Amino acid sequence: MRVLMVGYEPEAVDFSDPALPPGLNAEKIHHGIKVALEEMRGRGWTAEQCFIRPDDQAGPILKQMLTSGSYDCLVIGAGIRSWPRHLPVFETLINTAREAAPRVPIAFNTRPEDSGDAVERVCGKRSL
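What this report covers is the structure whose coordinates are included nearby. (Residues numbered from 1 in each chain as written. Predicted model: local features only at pLDDT ≥ 70, side-chain atom pairs only at ≥ 80, totals over all residues. Heavy atoms only, no water.)

## Some thoughts on the layout of surface pockets
- For the largest pocket, the calculated volume is near 480 Å³.
- Ile-29, Ala-78, Gly-79, Arg-111 and Pro-112 are the residues nearest the centre of the largest pocket, which is lined by 27 residues in total.
- Contributing elements (two or more residues each) for the lining of the largest pocket: β1 (2-8), α1 (26-42) and α3 (78-82).
- Considered class by class, the residues forming the lining of the largest pocket number 15 nonpolar, nine polar and three charged. (1 Å grid on protein atoms, 1.4 Å probe; cavity = no way out; pocket = protein on both sides within 12 Å on 5 of 7 lines; lining within 4 Å. Points joined across faces, edges and corners; volume = space filled by probe spheres on them. Helix = DSSP H or I, 4+ residues; strand = E, 2+ residues; numbered from the N terminus. Nonpolar A, V, L, I, M, F, W, Y, C, P; charged D, E, K, R; others polar.)

## A closer look at the sheet that holds strand β2 (residues 46-52)
- Within the open sheet, the four strands sit side by side as β2-β1-β3-β4. Their pairing is parallel. Lying at the two open borders of the sheet, with one neighbouring strand each, are β2 and β4 (106-108). Ignoring which end each strand starts from, the neighbouring axes of this sheet average 25° apart.
- Across four bridges, β1 lies against strand β3 (residues 73-76) in parallel orientation. Within β3, the residue paired with Leu-4 across the bridge is Leu-74.
- Most of the contacts of α1 go to β2, to which it runs at about 155°, and overall it touches β1 and β2.
- The sheet contacts of helix α2 (residues 58-68) involve β1, β2 and β3, and relative to β2 the element is tilted by about 160°. (Pairing = 2+ DSSP bridges. Axes fitted to C-alpha atoms, helices over the stretch in contact; angles between N-to-C directions. Contact = heavy atoms within 4.5 Å.)

## Comments concerning the side chain of His-86
- On the secondary structure map, His-86 appears in the loop between α3 and α4 (87-100).
- Under the relative-accessibility criterion, His-86 is labelled buried at 9%.
- Non-local contacts of His-86, meaning those with residues more than four positions away in its chain, are made with Tyr-8, Pro-54 and Ile-80. (Buried < 20%, exposed > 50% of the residue type's maximum accessible area, 1.4 Å probe, protein only.)

## Comments concerning α4
- Helix length check: α4, at 14 residues, gives a terminal C-alpha distance of 20 Å against a target of 20 Å (1.5 Å per residue), a fit within 8%.
- Considering only its buried residues, α4 is in contact with β1, β2, α2, β3, α3 and β4. (Expected span 1.5 Å × (residues − 1).)

## Regarding the pattern of salt bridges
- Using the criterion set out here, one finds nine salt bridges in the structure.
- The closest approach of N and O atoms between Asp-14 and Arg-85, which form a salt bridge, is 3.3 Å. Of this pair, Asp-14 sits in the loop between β1 and α1 while Arg-85 sits in the loop between α3 and α4, and the two are 71 residues apart along the sequence.
- Of the charged contacts in the structure, one is a salt bridge between Arg-43 and Glu-39, with a shortest N-O distance of 2.5 Å.
- Residue classification places Arg-43 among the partly exposed residues on the basis of a relative accessible area of 22%.
- What you see here is one network of salt bridges that share partners, running through Glu-39, Arg-43, Asp-117 and Glu-120. (Salt bridge = Lys/Arg side-chain N within 4 Å of Asp/Glu carboxyl O.)

## Structural notes on the nonpolar core
- Grouped together as the largest cluster of nonpolar side chains are 37 residues, with contacts concentrated most on Val-3, Val-6, Ile-52 and Val-119.
- Every element with two or more residues in this core is listed here: β1, α1, β2, α2, β3, α4 and α5 (115-123).
- Excluding residues within four positions of it along the chain, Val-119 makes contact with Met-1, Val-3, Met-40, Trp-45, Cys-73, Val-75, Ala-107 and Gly-124. (Core = buried A, V, L, I, M, F, W, Y, C linked by side-chain atoms within 4.5 Å.)

Below, the structure is given as structure tokens:
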């Protein structure tokens, strides 16, 4: 199985936003992503990270990734979905995924570390 995880570039996150968990920082996000990618690879899957920024390039970047390869699942990170002020980016990503890869299931994690469980919930227990 080939999985694409899309999330905000940690250095682009405004950690002063009160909507974010206290104590969250770029280092913790990078660590969570590393754990998630390793855990998915441990399941026998190929996993890649697609970093975006909360701007008008989010959709084109995701489209480029989705059309440059064949994916079995797309994970859209909780950080993209949990900020009310970033709802337009979330909508853009959903519509981009629907247009660029309409057959690819979309999973939602609650934090990077449970991305593998989200994929398994949506796609089942498959391996390469």
